[in-house]
Each structure stands twice: as C-alpha cells, then as structure tokens.
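Tertiary structure, described
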Amino acid sequence: MTATAQETELLADFEQTLARHDRIEPRDWMPERYRKTLVRQIAQHAHSEIIGMQPEGAWITRAPSLRRKAILLAKVQDEAGHGLYLYSACETLGVSRQQLTELLLAGKQKYSSIFNYPTPSYADVGTIGWLVDGAAICNQVPLCRTSYGPYGRAMIRICKEESFHQRQGYELLMTMMGGTDEQRAMVQESVDRFWWPSLMMFGPPDAQSPNTAQSMAWGIKRDTNDELRQKFVDMTVPQADALGVTLPDPALAWNEERGHYDFGEPDWDELTAVISGDGPCNAQRMAHRRRAHDDGAWVREAATAYAAGGGDR
Amino acid sequence: MTDTTDNPYEGLYGGDASHWAFGTGFEDPLATLGDTRVPEGVDPRDLAAYAVMLADDALVLSHRLSEWCSNAPDLEEDVALANVALDLLGQARLLYARAATIDPESVPGVPDGSPVPAEDAYAFFRDAGEFRNVGLVERCDEDFADAVVRLLLVASWRLAVMERLRAGSDPVLAAVAAKAVKELAYHRDYAGRWVVTLARGTEESRRRVQAARERVWRWRAELGATHPVEERVAQAGAGVDPAAVDDEVDAVLRQVWDAGDLDVPPREAVPAPRGRDGHHTDALTDLLEEMQSVARAHPLGRW
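Residues numbered from 1 in each chain as written. Chains lettered and ligands numbered in written order. Predicted model: local features only at pLDDT ≥ 70, side-chain atom pairs only at ≥ 80, totals over all residues. Heavy atoms only, no water.

1. Observations concerning the overall build of chain B
Applied cut-off: Strands are runs of DSSP state E lasting at least 2 residues, helices are runs of H or I lasting at least 4, and numbering of each runs from the N terminus. Using a 1.4 Å probe, the Shrake-Rupley method yields the accessible areas, and only the shown protein chains count as cover for residues.
A count of helices and strands for chain B gives 12 helices and 0 strands. Element-wise, carbon and sulfur atoms account for 49% of the exposed surface of chain B, whose accessible area totals about 11,800 Å².

Take a look at the structure:
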C-alpha cells in the first residue's frame, strides 16, 4: 500500500469515528491539522485559566470577610487546577507544558480577551463569577462532548467546578445588593463594565470566524459563536432581573417571534484591539506571568536537579 | 454525555457542593462542633485570649501564603500553597468563633449597625497592636526559600502544639486541634521536602535556602517563649505551654537540616518585645492595612 493510500484509509477511519460521535484518543491517528487546532484551542484555554488567576487573585489579600477570602482563594486555586488538567490534556498531543508556557510568554499563543480588563472593585469578583464564568460555561459545556477524549474529559470536571464558581459569584452580588446603597452602586457599575466584554468572549460573529466550520466538522466545536452568545444572553437576562441590575444595552428586548432576546452589537473593534494586545491590561498580565515564571526558574531548576539524583552540587 | 450538562445555570439552583474541587467549608465555622461549654478551672478571658493567639498566627501566615497565589514557581506550588493557606484560614475562623463564644467581651467593637460576624470583627476591626501573633508569621517572604523555611518552622511548632491540644479540656479547641493536626502534618511534610530539595538541588538553590534560613531563624526562639496567658491556660489543662514542645520541634527541624546536609543553627535569645504582647513590625501594619481596606471602607456592608 502506498503512503497516500494508507493515509486515505486512516482518514476514513478517523472520519467514521467522528461520524459515530466516538472519541478520538491520544494513540489514534489524526490529521495533523486536527492536532494543531486542538493544541491551539486547549493551550489557549489553559493559558486563560492561568492568566485568569490574576484579575480576581488581586483581591485575595483584600477580601472583606474571612468567608469571602476562603471562597476566593479556593476559586483561584481551582483555576490553577484547571490549568493543570488542560496542560495535561495538551501533553497527550505531544506538546509539553514548558513549551506551551514559552509560547504564551513569547506572545505566540493567546488567552481569553476578558482577562485583559481591569478589576478595580470587589464587586468585580462577583461579576466575573456570574458573567465571565457564566459565558465560559456556555462555551465549555458543549466541549464536554468534543471529539478529542482527554479534552472532553477535562472539560466535564472543569464545567462542574465552573458552575460552582458561578453560583458563588452570583451569591456575592446578591448579598451586596442586599447591603448598602454604595454596594448596590458598586455591583451596577461592575456589571456595566463587564457586560460587553462578556459577550465578546464568544468570539467574532460567525461570518467573521474562519475556523468555526472546520472545527465543527471535526467535532471539536459543537455550536457557533453566535448561537452560544444568544444562549448566554437568554440565560442571563432573567438573572439580571432577579439580581436587580440593568444590563447596559438599550437594544435588549424579548422577541416573541424568535423566542429569544434581541440585543445590540458588541464593539468588535474593541475585541480586535484587545486580542491584538492593546487591551487595558494586556501588558500588565503578561508582565506578571513573566515575572512569576522568571522568579521561579531557580526553584524549578533545583527540583529538576534534585529529582535527577540528589542534585548537582 | 447526557444533556443535563447543557444547563450551566443548574449550579445556581442545585445544592450539590461536591462539585467544587477543594471543598466548601465556608459557612458557620462552629456548626459541626457540638459541646461549646467552657471547661471549669480556666479563666474565660484567658482561654479566649489563647484562642485568639492561635487564630492570629494562622490568619497572618495564611495571608502571607495567599500572596503567592499566581506568583508561585510552578502550578503545583500555586495549588499547594493556596491549599495550606486555606487550611490555616479555616483554623483561624474556628478559633475566632471559639474565642467569641468563650468570652463575648473579647470580640472587637464594630461600627453601629454593622452586620459583621465575630470572626470578621477580630480579623478586620483590630489594629496591629491588638494582634497577638508571633513575629515569625508576619514577615514578608523575599523568595520561595523564605516561604518554605518559614512554613517548616511554623508547621513543625504548630503541629507539636496541636497534637497536645487535642487532649485539652476545652472540647472545641480539642476538636479544632484534631482537625488541624492532619492539615499541619501535610504542611510540615510539604515544607520539609522543599527545604531538602532546595538544599540539595543546585548551588543557587542551596545558597538561597541557607540565606532564607538565616533571615528566618532569628524568629525561631519566640515560638518557644511562654506568654503568661499560655502558661495559665496550660496549667488549667486547656492549652499547651510552647516551652514544652520546644525540644521536640528542634528534633524535627534537625532531621530536615540533616537530610538537606545543612548545619544546625544555634539557638538565639528570645527577642523582645514580642508579638504575643501586641508588639509587631511594620510588616504587620502594612499587611493589615491591605487586608482590612475593603471591610473598613464599607463598615455597614454585607458580603
């Protein structure tokens, strides 16, 4: 059999597996572009968890009650844990955590644009839980059924934990809304800042999302960006009502005919700017990660040397 | 996969807390502890003050460890240090809650109308001079070696204290200690392994762990210094005299120094003034200024 004939047969097997909605596993043959797409997506997700520790982590030392301090610390710790699962999933595709970290630090791999927004208020801890984790869950729940086994299994656990984080965030906002006028104003102000960036978390509109069709054909992605965005809006509007906050979109209205909420167009130029590095906190987030990585180099080297046989001294 | 996972908002209504990776013990800290009577023969004010001392040690060290979050050398260390910080925070909360039930007068005053629970009154509405932690826990870490050497010292000492406190006459402190022993055994093991790893890793790591130990070691002696409150509570059978565990702590530390091929540092004189009397360095003032900033900016707030 020629190399090409063999490859055609492997490709047919691969496509049959996808058609049966079975999982592709690490030792299965897969097209190189499928592997690369997965590495890009899982790495971006892993990096998002790690960079995502910063905006909320900044409030751990200032959490206003011991209970909130414990909740927040545990949440940020979970994010580190999610990063670990996802880097491990990526390693099954033949790329090490170290390589991926270097690609992140070199600016060659991305993380979610949402973490380039600042968190100037404690209410942001709640808003990130409610809106940002809520949007992340909408994105991620379908990934529990993604075609690549290790990724799908990591996502099942991550989604369970994320939904808990989301509940905690919402509960913080609810508690603050029952507090002082100043606290209610903090919640509204925070929601105003995070609403549009949360909608942008689903990526550009379908018409401008070149990778979506291929990713859906491969069963990596299960829904389009716009479908997920709509789902998020439909779920969130009643939550906002229950909370007693308004969402900063005059176009937001129930559409009886469609059975969905209509909503305004996010500022896609802003998304483009944030993705290409010009968001409010891009430089700060990367500098933080680079500093932590550099400061820890001697510790990692010591651990490697010690593990290799009692050290090199 | 079933479609139940398709509703991400299910978590908002469901009550299944097992979904959280690292536990959810954030509600009423004393809920699981039954008998809360104060034992006979011990002055309630002393016992409350003693609980606050142990709580302050835990809270302040927990805070310092939490500063490592997103700054640790590797993800595993981010997770582990946060875990230790969470354990200590949990111990602090139980101990503050206990202090408040033993002696309600010991709970700091909060602004009129404030809904702040007792544990937060202790944490957020006292100034540095009212904190009773040992000096060792308040200092800033200069590097990861500082963090693990300090943790080794504190965990070794606190584990020895808590092992004895399990048999103390106060049922709540004994129950807190029983839980703490399991946690501190892990903390000590984690810190000890890292000290040995750094001592035997590279030239650089050995230099750093030795330097860290020199910086941290001057705070060692204070751990073994008995405060009058500790002495009275220990004599009444409800607490532990730190002097009684001093040799045991040294023996544990010596094992780690030996494993790391590090010399045994000499004991230093007990520094004065001391944290148990409310004498602290600027490091604690700065720490509290940050920690208390939001709570104090919204004294009537609900969180």
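2. Observations concerning the overall build of chain A
Stated precisely, the cut-off is as follows: Values of the radius of gyration come from C-alpha atoms, whereas the globule rule sets the reference at 2.2 Å times the count of residues to the power 0.38. Only heavy atoms matter for contacts: two residues are in contact if any of them lie within 4.5 Å across the pair. In this count, Lys and Arg are taken as positive residues and Asp and Glu as negative ones, while His and the chain termini are left out. Charge positions are represented by NZ for Lys, CZ for Arg, CG for Asp and CD for Glu.
Within chain A, the secondary structure is distributed over 13 helices and 2 strands. A compact globule built from 313 residues should have a C-alpha radius of gyration of about 20 Å, and chain A, at 21 Å, falls within 12% of that. Seen through its principal axes, chain A has C-alpha atoms that stretch 75 × 65 × 30 Å. The contacts of chain A with a sequence gap of at least 6 include a subset with a gap of at least 24, amounting to 77%. Summed over its atoms, the accessible surface of chain A is roughly 12,800 Å², and 52% of this surface lies on carbon and sulfur atoms. The distance from the centre of the 33 positive side-chain charges to the centre of the 42 negative ones in chain A is 7 Å.

3. Some words on helix α1 (residues 3-19) of chain A
Residues and elements named next belong to chain A. Convention followed: What a helix should span is 1.5 Å times the count of its residues minus one. Exposure classes here rest on a 1.4 Å probe applied to the protein chains alone. A residue is buried below 20% of its type maximum, exposed above 50%, and partly exposed in between. For this quantity, the arc is that covered by the directions from the helix axis to the C-beta atoms.
For α1, which comprises 17 residues, the first-to-last C-alpha distance of 24 Å matches the rise-based estimate of 24 Å (1.5 Å per residue) to within 8%. Every buried residue belonging to α1 is among Phe14, Thr17 and Leu18, and all of these are buried. The buried residues of α1 all sit within an arc of 100 degrees when viewed along its axis, so they share a single face. Residues Thr8 and Ala19 are exposed on α1 and point more than 90 degrees away from its buried face. In this structure, the buried side of α1 is in contact with α2 (32-51) and α9 (212-217). Just past α1, the residue histidine 21 takes up positive phi, approximately 60 degrees.

4. Here's the deal with the pattern of salt bridges
All names here are of chain B. Keep this limit in mind: We define a salt bridge as a contact between a side-chain nitrogen of Lys or Arg and a carboxyl oxygen of Asp or Glu at a distance within 4 Å.
This model, assessed by the stated rule, comprises 42 salt bridges over all chains. The partner of aspartate 189 in a salt bridge is arginine 193, and the shortest N-O contact between them spans 2.9 Å. Here the residue aspartate 189 and the residue arginine 193 both occupy positions in helix α6 (residues 171-199), the gap between them amounting to 4 residues, near one helical turn. Classification of arginine 193 by relative accessible area gives exposed; the value is 55%. Residues joined by salt bridges that share partners form a network here, namely Arg139, Glu142, Asp143, Asp146, Glu204, Arg207, Arg208 and Arg215.

5. Overview of the interface of chain B and chain A
When the parts come together, some accessible area is lost, and that loss is often what is quoted as the size of the interface. Defined as follows: Summed over both partners, buried area is the accessible surface (1.4 Å probe) that two parts give up on being assembled. Any pair of nitrogen or oxygen atoms within 3.5 Å is treated as a polar contact; in protein, a donor-acceptor pairing is required on top of that, and neighbouring residues in sequence qualify only through side-chain atoms on both sides. Think of it as three bins: nonpolar holds Ala, Val, Leu, Ile, Met, Phe, Trp, Tyr, Cys and Pro, charged holds Asp, Glu, Lys and Arg, and polar takes everything else, Gly as well.
The interface of chain B with chain A comprises 72 residues on the first partner and 77 residues on the second. Around 6,400 Å² of area is buried between chain B and chain A when both sides are counted, 65% of it from carbon and sulfur atoms. Applying the counting rule to chain B against chain A returns 14 residue pairs in polar contact (both at pLDDT 80 or more). For the side of chain B that touches chain A, the leading source of residues is helix α3 (residues 75-102) of chain B, giving 11 residues. Within the side of chain B that touches chain A, the residues separate by chemical class into 34 nonpolar, 19 polar and 19 charged.

6. Brief notes about empty space enclosed by the protein
All names here are of chain A. Stated formally: A cavity here means a set of points on a 1 Å grid, drawn over the protein atoms and nothing else, where a 1.4 Å probe fits but cannot get out; a pocket is an open set with protein on both sides within 12 Å along at least five of seven lines, and a residue lines either one if it has an atom within 4 Å of a point. Grid points are joined across faces, edges and corners, and a volume is the space filled by probe spheres set on the points.
With the rule as written, the count across this model stands at 3 cavities of 30 Å³ or more. By volume, the largest cavity amounts to about 100 Å³. What lines the largest cavity is a set of 13 residues, and nearest its centre among them are Ile71, Lys75, Val125, Gln168 and Gly169. Its residues placed into classes, the lining of the largest cavity shows 6 nonpolar, 4 polar and 3 charged.

7. A few points about the nonpolar core
Threshold: In this text, buried Ala, Val, Leu, Ile, Met, Phe, Trp, Tyr and Cys residues form a nonpolar core when linked through side-chain atoms within 4.5 Å.
Ranked by size, the top nonpolar core spans 186 residues in total, and within it A:Tyr122, A:Trp130, B:Phe144 and B:Leu198 carry the most contacts. Per-element tally for this core: the top contributor is α3(B), with 17 residues. Those residues in contact with A:Trp130 that sit more than four places away from it in its chain are A:Gln166, A:Gly169, A:Tyr170, A:Leu173, A:Val191, A:Thr236, A:Gln239, A:Ala240, A:Leu243, A:Val245 and A:Leu247.

8. Here's the deal with the layout of surface pockets
All names here are of chain A. Roughly 1,100 Å³ of internal volume is contained in the largest pocket. Gln44, Asn139, Met201, Phe202 and Gly203 are, among the 41 residues lining the largest pocket, the residues nearest its centre. Among the secondary structure elements, those contributing two or more residues to the lining of the largest pocket are α2, α6 (123-140), α7 (149-177), α9, α10 (225-243) and α11 (268-278). For the lining of the largest pocket, the element with the highest residue contribution is α2, accounting for 6 residues. Classifying every residue of the lining of the largest pocket by side-chain character gives 16 nonpolar, 16 polar and 9 charged.

Scope: geometric values only; no functional claims are made or implied.
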